[in-house]
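Now for the letters of each chain:
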Amino acid sequence: MGIAPQGTPPEADREWMRRALSLADRAAADGEVPVGALVVREGGVLGQGWNRPVASNDPTAHAEILALREAAETIGNYRLAGCTLYVTLEPCPMCAGAMLHSRLDRVVFAAYDPRTGAAGSVFDILQSPHNLHRVQVRGGVLGEIAGERLRTFFRARRG
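Values in this document were obtained by computation on a predicted structure and should not be read as measured data.

A.B. asks: Before we move on, can you summarise the pattern of salt bridges with the specific residues and values?
C.D. replies: Close approach of charged atoms allows side chains with opposite charge to pair. Inspection of every chain in the model, using the stated rule, returns nine salt bridges. The partner of Arg151 in a salt bridge is Glu148, with the nearest N and O atoms 3.3 Å apart. Pair noted here: Arg151 and Glu148 are both in helix α5 (residues 143-158), with a separation of three residues, about one helical turn. Looking at Glu148, the relative accessible area reads 34%, which means it is partly exposed. Salt bridges linked by common partners bring Glu11, Arg14, Glu15 and Arg18 together as one network.

Here it is in structure tokens:
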């Protein structure tokens with residue numbers, strides 16, 4: 001998938017992803033699919049979220065949507081130019097659409113989603129030439145760790 005643009009060292013992406021993984025752990029503790037996300041600009045967190053659709057009875061309460069909402073509220077603007085969203089699972093089509101509308105600069109995700117991934121696995125919504133805005137994508141950052149947490153979560157639910 002994409003590469004980190006100049007000025008964004010891979011280690012910084014890994015450090016932010018570790019923080020997103022801790023948010024995913026909060027979702028898992030609540031019985032939700034373990035996905036965490038945070039929006040970062042200029043070295044600071046503007047918004048964060050973890051999956052909460054079951055607890056909130058809200059099908060849109062994905063980690064990314066919650067992080068985008070909090071970031072927009074923090075800066076008082078729905079346009080999040082200059083921001084990077086870190087998320088532990090490749091975004092779905094709904095979340096990718098919200099990312100486009102928010103005008104994020106980058107999305108960095110951990111585990112690929114071969115069923116509904118919208119950042120290149122199944123769909124390539126964020127990089128589609130039909131969009132007015134394109135979001136830079138970097139996938140696979142700490143992907144093995146995030147993938148194992150997801151597999152563990154689903155094994156426990158089935159078992």
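A.B. asks: Report on α5, specifying residues and quantitative values.
C.D. replies: Look at α5: 22 Å from first C-alpha to last across 16 residues, which is about the 22 Å you get at 1.5 Å a residue. The set of residues buried in α5 consists of Gly143, Ala146, Gly147, Leu150 and Phe153. Buried residues along α5 cover an arc of 125 degrees about the axis, so they all sit on one side. Projecting away from the buried face of α5 at angles above 90 degrees are the exposed residues Glu144 and Ala156.

A.B. asks: Explain the UniProt feature "binding site: Zn(2+)" (unreviewed entry) in the protein chain to me, using residue names and the numbers behind them.
C.D. replies: Following the UniProt record, one finds the feature "binding site: Zn(2+)" (unreviewed entry) at His62, Cys92 and Cys95. The annotated residues occupy 34 residues of the chain but converge on a single region, no pair of C-alpha atoms lying more than 9.3 Å apart. Along the chain, the position of Cys92 falls in the loop between β3 (84-89) and α4 (93-102). When neighbours within four sequence positions are excluded, Cys92 is seen to be in contact with His62, Glu64, Thr116 and Ala118. Within the secondary structure, Cys95 sits in helix α4. Here Cys95 falls in the buried class, since its relative accessible area comes to 0%. If sequence neighbours within four positions are ignored, Cys95 has contacts with His62, Glu64 and Ile65.

A.B. asks: Which residues make up the UniProt feature "active site" (unreviewed entry) in the protein chain, and what are the values?
C.D. replies: In the numbering adopted here, UniProt assigns the feature "active site" (unreviewed entry) to Glu64. Turning to its location among the elements, Glu64 is positioned in helix α3 (residues 63-75). For Glu64, the residues in contact, after removing those within four places along its chain, are Val35, Ala37, Leu85, Val87, Leu89, Pro91, Cys92, Cys95 and Met99.

A.B. asks: Help me get a handle on α3, residues and values and all.
C.D. replies: Taking 1.5 Å per residue as the helical rise, α3 with its 13 residues ought to reach 18 Å, and the 19 Å between its terminal C-alpha atoms agrees with that figure. Residues Ala63, Glu64, Ile65, Ala67, Leu68, Ala71 and Ala72 constitute the buried set of α3. Structurally, α3 contributes buried residues whose contacts are with β1 (36-41), β2 (44-50), β3 and α4.

A.B. asks: So what about the side chain of His133? Which residues, and what values?
C.D. replies: Mapped onto the secondary structure, His133 falls in the loop between β4 (106-111) and β5 (136-138). Judged by its relative accessible area of 19%, His133 is buried. There is a polar contact of 2.7 Å between the side chain of His133 and the backbone oxygen of Leu104.

A.B. asks: Please provide a residue-by-residue account of the packing of aromatic side chains, values included.
C.D. replies: What the rule picks out here adds up to three aromatic pairs. A ring pair is formed by Phe153 and Phe154, whose centres lie 5.1 Å apart and whose planes are at 80 degrees; its orientation type is edge-to-face.

The rules we used
Every chain begins its residue count from 1, and numbering advances along the sequence as written. Reporting of local features is limited, given that this is a predicted model, to residues whose pLDDT is at least 70; pairs of side-chain atoms are given and counted only at 80 or more, and all residues count toward the totals for whole chains, interfaces and linings. Derived side-chain values reflect all non-hydrogen atoms in the structure, with water molecules and hydrogen atoms excluded from consideration. The salt bridge definition used is simple: a Lys or Arg side-chain nitrogen within 4 Å of an Asp or Glu carboxyl oxygen. A run of H or I in DSSP counts as a helix once it spans at least four residues, and a run of E counts as a strand once it spans at least two, with each numbered from the N terminus. The cut-offs for exposure are 20% and 50% of the maximum accessible area for each residue type, with area from a 1.4 Å probe on protein chains only; residues under the lower value are buried, those over the upper are exposed, and the others partly exposed. Expected span of a helix: the number of residues minus one, times 1.5 Å. Directions are taken from the helix axis to each C-beta atom, and the arc is the one they span. UniProt positions are given in the numbering used here, feature names are shortened, and annotations may be inferred rather than shown by experiment. The contact criterion used throughout is that any non-hydrogen atoms of two residues lie within 4.5 Å. Side-chain atoms alone can form a polar contact between residues adjacent in sequence; in general such a contact is a pair of N or O atoms within 3.5 Å, and within protein one must be able to donate a hydrogen while the other accepts it. A pair of aromatic rings is counted whenever rings of Phe, Tyr or Trp (Trp by its six-membered ring) have centres within 6.5 Å, and the orientation is called stacked for planes under 30 degrees apart, edge-to-face for over 60 and tilted otherwise.

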